[in-house]
Amino acid sequence: MKPTRVAAAFFAAVAIRALAADVVPLKNAGPYVPSPDAAVAAMLQYAHVGPNDFLIDLGSGDGRIVRTAAKVFGARGMGVEIKESLVRQANEEAKKEGIADKVRFVKQDLFKTDISQATVLTMYLLPDTVNMLREKLATELKPGTRIVSHDYPLTGWLPDDMKQFDLPEKEAISGVQTTIVWLYVVPAKVEGDWSARLPASLSRAPATLRLRQQLTRVSGSVVLDGKEIPLEDVRLRGEELAFRIAGRKPLFTGQVKGRSIEGTMESGANKTAWTASLGS
Ligand SMILES: C[S@@+](CC[C@H](N)C(=O)[O-])C[C@H]1O[C@@H](n2cnc3c(N)ncnc32)[C@H](O)[C@@H]1O
């Protein structure tokens, strides 16, 4: 064989081996484009990452989000990535930075990753992939987990917050400098009829709190002394529920813990306790 053909065959074999080493995912969620440092900082600050957090980055590239979370904010974490070379690079960087006991990077398809351990989940993925993940995020993550998405929103989820700023280095990546960080807090599951004990000033009889839920959107009514009254200003952020009963001033807040809610009704300076339990 001519030397040029030998070289071509050699490089083809290397390329095939490199491809075989990468994971073949259910779907390729996007090419490797690292988040600029300023975007990483904004994502982590915005999610209030701290030492008690376990952060998972879906499609972790060189691991910069997880590594920064560990180095700057003391968090632990994991990154999943399909490209073998990037997984190796991220683990080597973590070793050099002395944070290998806090973070790990694994070669894995993000769609098949168990994400239930996360208290913060980050992603910088193509918009259709972000939306393919909606169901997985809603069912596998614990209520209260913060989700931060770089640039692309989760359609149908109401963001708890968003921050928009310009980064000149984004021009080469997406053609515009605009960078958006979307923050979501995984909502508790509140759909159903809750048997409620409201303050005696409202009713001495047990009331029924009827809540309807579509992810982060909650609406409902309360059945009080046989009369159904709509709820207003209903908000659910993680496990924190708040609402008013239409036509009445007091603000109800409560913490949802599985099948029970414990809260207070605030009327001026007065605070009175209320409770509810699901289905009983
Ligand atoms: C835009 S880059 C983001 C890298 C990093 N998260 C950051 O923000 O700097 C997306 C990464 O996801 C990886 N990726 C694509 N599809 C994936 C999949 N199904 N499972 C795991 N990683 C995937 C790509 O190889 C790429 O490194």
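Residues numbered from 1 in each chain as written. Predicted model: local features only at pLDDT ≥ 70, side-chain atom pairs only at ≥ 80, totals over all residues. Heavy atoms only, no water.

Quick look at the sheet that holds strand 13 (residues 251–257)
Put simply, the rule is: Strand pairing is assigned whenever DSSP detects at least two bridges linking the two strands. Numbered from the N terminus, helices here are DSSP runs of H or I no shorter than four residues, and strands are runs of E no shorter than two. Axis definition: a line fitted to C-alpha atoms, over the contacting stretch in the case of helices. Angles run 0 to 180 degrees between N-to-C directions.
The strand order around the closed barrel formed by eight strands is 8-9-10-11-12-13-14-15, and the pairing between neighbours is antiparallel. Sheet twist, expressed as the average angle between the axes of neighbouring strands with direction ignored, equals 30°.

Let's talk about the domain arrangement of the protein chain
To keep things clear, this is the line we draw: Note that the domain bounds reflect an automated or database-derived domain assignment. Any pair of residues with heavy atoms lying within 4.5 Å of one another is described as a contacting pair. Throughout, the accessible surface (probe 1.4 Å) given up by two parts as they are put together, summed over both, is called the buried area.
Once the domains are mapped, the protein chain shows domain 1 (7–185) and domain 2 (192–278). Placing a centre on the C-alpha atoms of domain 1 and another on those of domain 2 gives a separation of 37 Å. Contacts between the two partners involve nine residues from domain 1, matched on the other side by six residues from domain 2. Interface area for domain 1 against domain 2, summed over the two sides, is near 760 Å², with a carbon-plus-sulfur share of 59%.

So, unusual backbone geometry
Going by this rule: Only protein chains enter the accessibility calculation, which uses a 1.4 Å probe. A residue is then buried if its area is under 20% of the maximum for its type, exposed if over 50%, and partly exposed in between.
In this structure, H48 takes a positive phi of about 50° despite not being glycine. Tracing the backbone through its elements, the reader meets H48 in the loop between helix 2 (37–46) and strand 1 (54–58). With a relative accessible area of 64%, H48 lands in the exposed category.

Quick look at the nonpolar core
To keep it simple, the criterion reads: We call a set of buried residues a nonpolar core when its members are Ala, Val, Leu, Ile, Met, Phe, Trp, Tyr or Cys and they connect through side-chain atoms within 4.5 Å of each other.
Membership of the largest hydrophobic core comes to 27 residues, with the highest contact counts inside it found for W194, L198, L209 and F243. Top element by residues in this core is strand 11 (residues 227–237). It accounts for four residues. With sequence-adjacent residues up to four places away left out, F243 is seen in contact with L209, L231, E232, D233, V234, P250, L251, F252 and W274.

Re the site of the ligand
Short version of the rule: Put simply, a residue is near a molecule or strand once any heavy atom of it comes within 4 Å of that molecule or strand. Polar contacts here mean pairs of N or O atoms no more than 3.5 Å apart (in protein, one a potential hydrogen donor and the other a potential acceptor; neighbouring residues in sequence count only if both atoms are side-chain atoms). To measure how exposed things are, a 1.4 Å probe is used in the Shrake-Rupley method; for residues, cover is taken only from the protein chains shown. When residue character is reported, Ala, Val, Leu, Ile, Met, Phe, Trp, Tyr, Cys and Pro are called nonpolar, Asp, Glu, Lys and Arg charged, and the others, Gly included, polar.
Residues in close proximity to the ligand total 26 residues, the closest being A29, S35, D57, G59 and E81. At 2.6 Å, a side-chain N or O of E81 approaches an oxygen atom of the ligand. Contact with the protein chains removes 98% of the 600 Å² of surface that the ligand exposes when unbound. Its residues placed into classes, the shell around the ligand shows 13 nonpolar, seven polar and six charged.

Let's talk about the side chain of K136
With respect to the element layout, K136 can be found in helix 6 (residues 134–140). Using a relative accessible area of 13% as the deciding quantity, one classes K136 as buried.

Overview of the pattern of salt bridges
Short version of the rule: Just to be clear on terms, a salt bridge is a Lys or Arg side-chain nitrogen sitting within 4 Å of an Asp or Glu carboxyl oxygen.
By the definition in use, this model includes 17 salt bridges. For E84, the salt bridge identified is with K107, shortest N-O distance 2.7 Å. You can see E84 sitting in helix 4 (residues 84–96) and its partner K107 sitting in strand 3 (residues 103–107), a full 23 residues away along the chain. Assessed through its relative accessible area of 24%, E84 is described here as partly exposed. We classify K107 as partly exposed; its relative accessible area is 36%. With a closest N to O distance of 3.2 Å, D193 and R210 form a salt bridge.

So, the environment of S85
Inspection of the secondary structure assignment puts S85 in helix 4. In this structure, the C-alpha to C-alpha distance between S85 and K107, residues 22 residues apart in sequence, is 9.5 Å.

Quick notes on the packing of helix 2 against helix 3 (residues 64–73)
Our working definition: Each angle gets one of four labels, with under 35 degrees taken as roughly parallel, over 145 as roughly antiparallel, 65 to 115 as roughly perpendicular, and the rest as oblique. Crossing chirality is assigned from the near helix's rotation relative to the far helix, an anticlockwise turn below a right angle marking it left-handed and a clockwise turn marking it right-handed.
For the pair helix 2 and helix 3, interaxial distance at closest approach is 10 Å and the crossing angle is 60°. When the interaxial angle is binned, helix 2 and helix 3 end up oblique. Where helix 2 crosses over helix 3, the handedness of that crossing is right-handed. Residues D37, V40, M43, L44 and Q45 of helix 2 form the contact with helix 3, whose own contacting residues are R64, I65, T68, A69 and F73. A class-by-class count of the residues in the contact of helix 2 with helix 3 yields six nonpolar, two polar and two charged.

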